[in-house]
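The lines below spell out each chain.
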Amino acid sequence: MNFIQTRGCESGKPQSVTFSEAILSPIASFGGLYVPQSLPKLGTTFLNKHLDSSYKELAQDLLANFEIDIEDSVIQEALDLYDNFDDTTNPVPVVKVKENLYVSELYHGPTRAFKDMALQPFGKILSSVAQQREENYLILAATSGDTGPAALETFKNQKNIQVVCMYPANGTSDVQRLQMVTEDAPNLKVIGIRGNFDDAQAALKNLLVSKSFKETLENKHISLSAANSVNFGRIIFQIIYHIHNYLELVRQGATQMGEKVYLNVPSGNFGNVLGAFYAQEMGVPVEKLVISSNENNILTRLIQTGIYDIRESDLKLTTSPAMDILKSSNVERVLYSLYGSQRTKELMQDLDENNIYTLTDTELLKLQEIFVADYCSDAEGKLYIQSTFKNEGYLMDPHTATCFKTYETKSNPVIKSIIYSTAEWTKFSPVIANALTGEVNAQDSVALESIAKEAKVEIPTMIKGLFSKKVVHDSIIEKEDIEKEILKFL
């Protein structure tokens, strides 16, 4: 299968590229993104075939349906990394929380967040391709908290790969920051910037299209790629768990094959729910895709009004920081699927130049056939954390809590809902300790212990050990100095 471009094709560029070419150079013509030329149609035949399959077997067959140009042995090695998750037989448990409500726990990997589900295998594939080509790559990552640790974990000590990870200096949890700044592999560089995630993401995109930066790298015999979800190599692995989750409900006897369900996803950069969108397009029975925003509710407004407007929006720092994003990269891929490349180019040009775009009434109706949305305030999220633990005994992080609001406001309680839990409680312990015990401004190490005691749970070793590790990366710079800092590292 080949990949085409969301904003059309510039003169002199190929109309389509292979999967390996798309993941090595993820930014397409006119600053757009790569998308599959067509999606495999799976339907109930594929779903029934995998009712008794393991997660890895399902993943292998899905990738085979995409016909990606990666050797089977490399794919197998990449998928074998799921054996390092908490349960080697099931990396993504789907847990019943209350009647008709299930939670997909995507955080059982090495960095305790959902980004491991894609970045663990993707990192292996990308580094293998680089080695096969005997090329050296600089991988850029901009993070609101979870991509960074997962990217650093998957690429550390990999041959032919160097990684620069940028994070907002005051925009992550303490555990997320420590997961990054204590990584000591020589091929990794972590940079804190004085700014927010949108600043980091804008810097990443600018560098990916900068001719002078690429020329400087070429003189060093280095090529450029990215670990963010602008890279379809991330997205392809995020489709898998949406299919797995539906099959899990059938296996558990919670639903009948073919019966529709709600998929309820906390959304910032839109990559996670894009995977759900593609799964639906490929044949997974979905009633609606439910978008859960925090107080940076740009996505909710888009889906409710058809207007994407960030002209007077200041990014709010919330208790769900991985969703503190105003410019969601992967919305573009949905726009392309619904409206085509010419219209997508127009809309994205409006956003880039004027910080706003507006859908027509017809376009909005088309979007609303698939998506519904609402947002959850920090105060509401705290109450959902409290009540769900008190009534159901279920412990969750603040991002997952936003989905409980949309479950109440946007779902039909008669239809099964799957909520996506994107991070373990350990990554946001001060917020959860405040919700459960009333502690205010507790340090992460103290909050972790109090939650563990209250909930009678263990703190994972990889989290507990962070507080005694040496800080290796202490750079905090102005966003204007990012390129200079990267070149100094190289």
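Residues numbered from 1 in each chain as written. Predicted model: local features only at pLDDT ≥ 70, side-chain atom pairs only at ≥ 80, totals over all residues. Heavy atoms only, no water.

1. As for the overall build of the protein chain
- Helix and strand counts for the protein chain stand at 21 helices and 15 strands.
- Each principal axis of the C-alpha distribution contributes one length, and for the protein chain these read about 60 × 50 × 50 Å.
- Per-residue burial for the protein chain yields a buried fraction of 61% across its 490 residues.
- Considering only contacts in the protein chain between residues 6 or more positions apart, those separated by 24 or more positions represent 75%.
- With the model as given, the accessible surface of the protein chain reaches about 18,700 Å², and the carbon-plus-sulfur share is 44%.
- Charge-centre separation for the protein chain: the mean point of 46 positive side chains lies 2 Å from the mean point of 63 negative side chains. (Helix = DSSP H or I, 4+ residues; strand = E, 2+ residues; numbered from the N terminus. Buried < 20%, exposed > 50% of the residue type's maximum accessible area, 1.4 Å probe, protein only. Contact = heavy atoms within 4.5 Å. Areas by Shrake-Rupley, 256 points an atom, 1.4 Å probe, with all protein chains shown as cover. Lys, Arg positive; Asp, Glu negative; His and termini not counted. Charge placed at Lys NZ, Arg CZ, Asp CG, Glu CD.)

2. Section: the nonpolar core
- F237, I243, Y278, Y357 and F371 are the most contacted members of the largest nonpolar core, which has 144 residues in total.
- Residue contributions to this core peak at 12 residues, all from helix α10 (residues 232-251).
- Not counting residues up to four positions away in its chain, the partners in contact with Y278 are V35, P36, L39, F232, I235, I239, R333 and S337.
- With 25 residues, the next largest nonpolar core counts L140, A203, F213 and A226 among its residues. (Core = buried A, V, L, I, M, F, W, Y, C linked by side-chain atoms within 4.5 Å.)

3. Some points on the environment of L178
- Inspection of the secondary structure puts L178 in helix α7 (residues 174-181).
- We classify L178 as buried; its relative accessible area is 8%.
- Through-space distance from the C-alpha of L178 to that of R133 is 34 Å; in sequence the pair is 45 residues apart.

4. So, the packing of helix α9 (residues 211-219) against helix α21 (residues 482-489)
- It is at 12 Å that the axes of α9 and α21 come closest, and there the two elements cross at 5°. When the interaxial angle is binned, α9 and α21 end up roughly parallel. On the side of α9, the interface is formed by F213, T216 and L217, while α21 contributes E483, I486 and L487. (Axes fitted to C-alpha atoms, helices over the stretch in contact; angles between N-to-C directions. Parallel < 35°, antiparallel > 145°, perpendicular 65-115°, else oblique.)

5. What about the sheet that holds strand β6 (residues 161-168)?
- Reading across from one edge, β8-β5-β6-β7-β15 is the order of the 5 strands in this open sheet, with parallel pairing throughout. What marks the edges here is a single partner per strand, and that holds for β8 (222-226) and β15 (476-478). Looking at each pair of strands side by side, their axes are set apart by 30° on average, direction ignored.
- As judged from the 6 bridges shared by β6 and strand β7 (residues 188-194), these two strands associate in the parallel manner. In the sheet register, C165 faces β7, and the bridge partner there is V190.
- Contacts from helix α6 (residues 147-155) reach β5 (136-142), β6 and β7 within the one sheet, and its direction differs from that of β6 by about 165°.
- The strands that α9 touches are β5 and β8; relative to β8, the one it contacts most, it runs at about 130°. (Pairing = 2+ DSSP bridges.)

6. Section: the pattern of salt bridges
- Here the structure, examined in full by the defined rule, presents 22 salt bridges.
- E346 is paired through a salt bridge with R343; the nearest N and O atoms lie 3.2 Å apart. Here E346 and its partner R343 are both found in helix α14 (residues 341-354), 3 residues apart, which amounts to about one turn of the helix.
- For E346, a relative accessible area of 34% translates into the label partly exposed.
- Here R343 falls in the buried class, since its relative accessible area comes to 19%.
- Between K488 and E485 there is a salt bridge; the shortest N-O distance is 3.5 Å. Of the two residues, K488 and E485 both sit in helix α21, 3 residues apart, roughly one turn of that helix.
- Linked by salt bridges that have partners in common, R7, K327, E332 and D352 make up one network. (Salt bridge = Lys/Arg side-chain N within 4 Å of Asp/Glu carboxyl O.)

7. Let's talk about the sheet that holds strand β13 (residues 371-375)
- Taken together, 6 strands build an open sheet; the order of strands is β3-β4-β14-β9-β10-β13 and the sheet is mixed. A single partner strand is all that each edge strand has here, and the edge strands are β3 (94-98) and β13. When the angles between neighbouring strand axes are averaged without regard to direction, this sheet yields 25°.
- Bridge count between strand β9 (residues 261-266) and strand β14 (residues 417-421): 3 bridges; the pairing is parallel. Across the sheet, L263 pairs through a bridge with I418, a residue of β14.

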